[in-house]
Amino acid sequence: MSISNSTYQPASPTSGVSARGPIDRKELVRRHNVRQQALDPRSPVSVGNGEFAFTMDLTGLQSLPDSYPVGSRDELPPGTLLGTQAQWGWHATPPAQAYELSGSTVLYDSPRGPVPYVDMAGGIVNDRETGTSPAETWLRANPHRLDLGRIGFRLVDAGEDRALSEGDVDDAEQTLDLWTGTVTSRFTLAGHPVTVMTACHPERDELGIRVESPGLQGRLAITIDFPYGSEAWHDAADWTSPDSHTTTLGDPAASGLHAGFTAWTSHRELDASRYQVVITGRGLTVLQTGQHRLRISPNPGSSGSQGVMDLAVAFVSAGEGDCVPRGATGAALAAARPGAGTAAGTAVVLSGTARPAAGSSVAAASEAYWPGFWLSGGAIELAATDDPRAKELERRIVLSQYLTAINCSGSLPPQETGLVCNSWRGRFHLEMHWWHAAHFAHWNRVEHLLPSLRWYSTVLEGARQTAKAQGFDGVRWPKQVGPDGRESPSPIGTFLVWQQPHPIHLAELAYRANPSREVLEEFAEIVFESAAFMASFAHRTPRGFELGPPLIPAQESYGSIRASVTNPTFELAYWQWALRVAAAWRDRLGLEPVEAWQEVAGHLVKPRVLDGSYAAIDVEPFTIRTDHPSMLCALGVLPETDLIDKETMRATLASVLADWDWDSTWGWDYPVMAMTAARLEDPEAAVNALLLGAGKNTVLANGHNRQTDSLPVYLPGNGGLLAAAALMAAGWDGGPERNAPGFPAGWTVAWEGLVAAP
């Protein structure tokens, strides 16, 4: 199945027929606002912009961090879901000595002879590290993502303040207004009513906070506490090392962001990590009351003493050392897009001459930006469907758009828990990048994909050196990394190959959403260098071109036999499809074809079939029925290829649904099954898969896909859901002509602005 410029017509955004006319997007979005009246320890809400996010409890701040735990690991204390994180906020603990990956490099036999791989002396058992050396521990843990600060209420009595407890907060009611990106929290504290507005600026890493309460008259203060960086798998904050970092509050000065207001700048330094926290307002007293604590309270006689405190808190990277320069967000690109309307934060209309207070100004920028987000790109409405599953699916779709926008649209590929809390120490996994970000192109919001796709160009040289050291052409992308792209020691990650075609796939989706020469030229090097590696990695045998060994497929159950694994079904199909896409890019740019790409793509071995179904790999045990059923990705995530037979895949899907170990799956496995079912024209199975009642398919009140106590947020599940829903609504190249072909025929599906899948 070839792809060429002469036969391929780029998909353009279209819509499904709706008797009611265009979708009322405001009504669609707001009926899924998150409303909570009791503390749900699993389901806090966040505000953010893709580059920065702030997650809060029922007080609208982070007053009760212990009430929202992230399950403990490795005998360490629990973390918290109430994080303050940025794509630029990183830290490395000074090592005892200079550690290098060479100490973990092992030679593996391959069809080309011995090949060096970064391995690990220790192991990973049930996703936990065991027996690692000091060097491996440090290299896996550094750099790690920082918790930039904890902002919360404290009660003041006789000049002393104390933390709140759950018992202090009564009559709570909180609403996340998705249409404006703002959170309103109402509760009673120490007998006083409190109303808190919380918002994030769409283009700056700045929070707007407005507090209204008579309790501000000497009893209620806001504090910001700062931790040290943590090497813990699940926790971004170390509160036990106060002497390892410094917090220095400067004198008040005129604000550079909010004219006419006063700013207090706190300088933070943690080894090679440096950033600033800027508090802006009027009528405030800002004091450093502890080694790493700032206290904010109203001045006597100010508006705060009359019951209102309105302030902004901005986090600013020093742009050097471990805190990297801030990148551009999808929100900023969207604001600059022709026809986008009001540029958030720069064209907020003010009535009269009154200048809004600092926090309210941030909220105004949020209220100007988010309607434009929701009115752009795609939408799916299922409310007219009688099937009770439709309401829940629509809720998941709407909330997933918000969550991926604030967590996954920044300048780096996201970590699996986004900007909420750490997992894998905040380092990101490139095999998950497709799941976090591909949907942005399907939903015609490609500007939210582009910042993280551009990151690959910053690590090209390191990836090229990895490929060269192993005797391959092109670039070999790493697996688990920080901003520098340096690989982590692992007995699994460095042997994965399914992240290699992802940049080709993402670039192709970007082109389909915006079929321009500019897109082709910007990402050509990433596409071509990825393809060069893929073609050289495949090796010729009498059977055809084969993959591996050594190798671990997307289904990581075969890690212990990595030295002998060959020809996983999904990866074979992905190799063929991506190499042909790369060839099409050369054609579109008027370049000569690369014969090796065509040769490999046309002569890959067929996947192994056992008892009428696709095996996972080409050697024993062929298929282990745990972890990801990744064989299904070969027709679902991917379009039809020469290597995959639809009826065999139909039998494979039925086999998976019959007896797979659901407890061992992950959140994106359910969209995988849905996409496979949709392409096999079994829409009932597609919907059932998206809503399968399994623990790893749990979607909380806040929209997050929970996995376990220590992995309480899992954004690949949200991104996968959106990719599947778009495919089911808008269809795919060569698919059925009817409206919403991936949904049951009896459903009323209104959709608009989506881009059909390949």
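Keep in mind the model is a prediction, meaning the values are calculated, not measured. (Residues numbered from 1 in each chain as written. Predicted model: local features only at pLDDT ≥ 70, side-chain atom pairs only at ≥ 80, totals over all residues. Heavy atoms only, no water.)

Some remarks on the overall build of the chain
Okay, step 1: Along its length, the chain carries 16 helices and 39 strands.
Okay, step 2: The C-alpha radius of gyration computed for the chain amounts to 26 Å, which stays within 12% of the reference 27 Å derived for 758 residues, consistent with globular compactness.
Okay, step 3: Counting only C-alpha atoms, the chain reaches 85 × 70 × 50 Å along its principal axes.
Okay, step 4: The buried share of the chain, reckoned over its 758 residues, is 64%.
Okay, step 5: Looking at the chain alone, contacts between residues at least 24 apart form 72% of all its contacts between residues at least 6 apart.
Okay, step 6: If you average the places of the 57 positive and of the 84 negative side-chain charges in the chain, the two averages end up 3 Å apart. (Helix = DSSP H or I, 4+ residues; strand = E, 2+ residues; numbered from the N terminus. Rg over C-alpha atoms; globule rule 2.2 N^0.38 Å. Buried < 20%, exposed > 50% of the residue type's maximum accessible area, 1.4 Å probe, protein only. Contact = heavy atoms within 4.5 Å. Lys, Arg positive; Asp, Glu negative; His and termini not counted. Charge placed at Lys NZ, Arg CZ, Asp CG, Glu CD.)

Some thoughts on the pairing of strand β27 (residues 284–290)
Okay, step 1: Strand direction decides the pairing type here: β27 and strand β28 (residues 293–298), joined by six bridges, are antiparallel. Residue pairing in the sheet places Gly290 in a bridge with Arg293 of β28.
Okay, step 2: The hairpin turn running from β27 into β28, its antiparallel successor, is two residues long. (Pairing = 2+ DSSP bridges.)

Topic: the sheet that holds strand β14 (residues 150–157)
Okay, step 1: Strand order in the open sheet formed by five strands is β15-β14-β20-β28-β27, and the pairing between neighbours is antiparallel. Whereas interior strands pair on both sides, the edge strands pair on one side only; in this sheet they are β15 (160–163) and β27. The mean inter-strand angle of the sheet, taken between neighbouring strand axes irrespective of direction, is 35°. (Axes fitted to C-alpha atoms, helices over the stretch in contact; angles between N-to-C directions.)

Details of the pattern of salt bridges
Okay, step 1: Considering all chains together, one arrives at 36 salt bridges under this definition.
Okay, step 2: With its nearest N and O atoms 2.6 Å apart, the salt bridge here joins Arg30 to Asp177. One end of the pair, Arg30, is in helix α1 (residues 25–30); the other, Asp177, is in strand β16 (residues 169–177), with 147 residues separating them in the sequence.
Okay, step 3: Here Asp177 falls in the buried class, since its relative accessible area comes to 13%.
Okay, step 4: Between Asp205 and Arg326 there is a salt bridge; the shortest N-O distance is 2.8 Å. Of this pair, Asp205 sits in the loop between β18 (192–200) and β19 (206–212) while Arg326 sits in the loop between β29 (308–317) and α3 (330–336), and the two are 121 residues apart along the sequence.
Okay, step 5: A relative accessible area of 3% places Asp205 in the buried class. (Salt bridge = Lys/Arg side-chain N within 4 Å of Asp/Glu carboxyl O.)

Here we look at the pairing of strand β4 (residues 52–56)
Okay, step 1: Among the five residues in β4, five count as buried, and that is most of the element.
Okay, step 2: Going residue by residue along β4, you find Phe52, Phe54 and Met56 tucked away on one face and Ala53 and Thr55 tucked away on the opposite face as well.
Okay, step 3: Bridge count for strand β3 (residues 45–48) against β4 is four bridges, and the pairing is antiparallel. Its bridge partner being in β4, Val47 is matched across the sheet by Phe54.
Okay, step 4: Across three bridges, β4 lies against strand β7 (residues 84–86) in antiparallel orientation. Looking at β7, one finds that Ala53 is bridged to Gln85.

A short note on the environment of Gly602
Okay, step 1: With respect to the element layout, Gly602 can be found in helix α12 (residues 595–602).
Okay, step 2: Judged by its relative accessible area of 40%, Gly602 is partly exposed.
Okay, step 3: Taking C-alpha positions, Gly602 is 9.2 Å from Gly544, a pair spaced 58 residues apart along the chain.

Focus on the sheet that holds β3
Okay, step 1: Reading across the sheet, the three strands line up as β3-β4-β7 and stay open at both edges, with antiparallel pairing between neighbours. Unpaired on one side and paired on the other, β3 and β7 mark the two borders of the sheet. Here the strands of the sheet are splayed against their neighbours by 20° on average, with no regard to which way each runs.
Okay, step 2: Sitting on the sheet, helix α5 (residues 389–408) touches β3 and β4, and the angle it makes with β3 is about 50°.

Description of the packing of aromatic side chains
Okay, step 1: Evaluated as defined, the whole model comprises 32 aromatic pairs.
Okay, step 2: Both rings, one in Phe472 and one in Phe533, keep their centres 5.3 Å apart while their planes meet at 85°; by these two values the pair is edge-to-face. Separated by 61 residues along the polypeptide, Phe472 in the loop between α8 (460–469) and β32 (480–481) and Phe533 in helix α10 (residues 517–537) bring together distant segments of the chain. Side by side, Phe472 and Phe533 carry an identical accessibility label, which is buried.
Okay, step 3: When the ring centre of Trp233 is taken as reference, the NZ or CZ atom of Arg73 above it lies at 3.6 Å. (Phe/Tyr/Trp six-rings, centres within 6.5 Å; stacked < 30°, edge-to-face > 60°. Lys NZ or Arg CZ within 6 Å of the ring centre and 35° of its normal.)

Details of the packing of helix α14 (residues 669–679) against helix α15 (residues 683–690)
Okay, step 1: Viewed as axis vectors pointing N to C, α14 and α15 meet at an angle of 175°, and their least axial separation amounts to 7 Å. Considered as vectors, α14 and α15 are oriented roughly antiparallel to each other. Residues Tyr670, Pro671, Met673, Ala674, Ala677 and Ala678 of α14 pack against Ala685, Ala686, Ala689 and Leu690 of α15.
Okay, step 2: In terms of residue class, the contact of α14 with α15 is made up of 10 nonpolar, no polar and no charged. (Parallel < 35°, antiparallel > 145°, perpendicular 65-115°, else oblique. Nonpolar A, V, L, I, M, F, W, Y, C, P; charged D, E, K, R; others polar.)

Description of the side chain of His245
Okay, step 1: When you line up the elements, His245 lands in the loop between β22 (237–238) and β23 (246–249).
Okay, step 2: Residue His245 is classed as buried on the basis of its relative accessible area of 4%.
Okay, step 3: Of note is the side chain of His245, whose polar atom sits 2.9 Å from the side chain of Arg268.
Okay, step 4: Leave out the neighbours within four places in its chain, and His245 touches Phe226, Pro227, Tyr228, Arg268, Glu269, Leu270 and His292. (Polar contact = N/O pair within 3.5 Å; in protein donor to acceptor, adjacent residues only side chain to side chain.)

Overview of unusual backbone geometry
Across the chain, the bulk of peptide bonds are trans and the bulk of non-glycine residues have phi less than zero.
Okay, step 1: A cis geometry characterises the amide bond from Asn142 onward to Pro143, with omega recorded as -10°.
Okay, step 2: Along the polypeptide, Pro143 turns up in the loop between α2 (134–141) and β13 (144–145).
Okay, step 3: Even without being glycine, Asp171 reaches a positive phi, approximately 50°.
Okay, step 4: Mapping Asp171 onto the fold places it in strand β16.

Quick notes on the confidence of the model for the chain
Detailed reading of the predicted model is not advised wherever pLDDT is low.
Okay, step 1: Residues of the chain with pLDDT of at least 70 account for 93%, and the chain-wide mean is 93.
Okay, step 2: Note that pLDDT drops below 50 for residues 338–353; the model gives that stretch 18 contacts with residues more than four away or on any other chain. (pLDDT = per-residue confidence, 0-100.)

Quick look at the packing of helix α11 (residues 569–588) against α12
When two helices pack together, their arrangement is captured by the angle between the axes and the distance separating the axes.
Okay, step 1: Packing of α11 against α12 leaves a shortest axis separation of 9 Å and a crossing angle of 150°. Between α11 and α12, the angle falls in the class roughly antiparallel. Classified by chirality, the crossing of α12 by α11 is left-handed. Between α11 and α12, the contacting residues are Gln576, Leu579, Arg580, Ala582, Ala583 and Arg586 on the first element and Trp597, Val600, Ala601 and Gly602 on the second.
Okay, step 2: Counted by class, the contact of α11 with α12 contains six nonpolar, two polar and two charged residues. (Left-handed = near helix turned anticlockwise from the far one by under 90°.)

Quick notes on the environment of Arg186
Okay, step 1: If you trace the backbone, Arg186 turns up in strand β17 (residues 182–189).
Okay, step 2: Sequence separation between Arg186 and Glu173 is 13 residues, and the spatial gap between their C-alpha atoms is 5.2 Å.
Okay, step 3: For Arg186, the contacting residues outside a window of four places in its chain are Asp171, Ala172, Glu173, Val194 and Thr195.

A look at helix α16 (residues 715–730)
Okay, step 1: Compared with the 22 Å implied by 1.5 Å per residue over 16 residues, the 23 Å span of α16 between its first and last C-alpha is a close match.
Okay, step 2: With respect to burial, α16 is a largely interior element, 16 of its 16 residues being buried.
Okay, step 3: Backbone geometry just downstream of α16 places Gly731 in the positive-phi region, at approximately 85°. (Expected span 1.5 Å × (residues − 1).)

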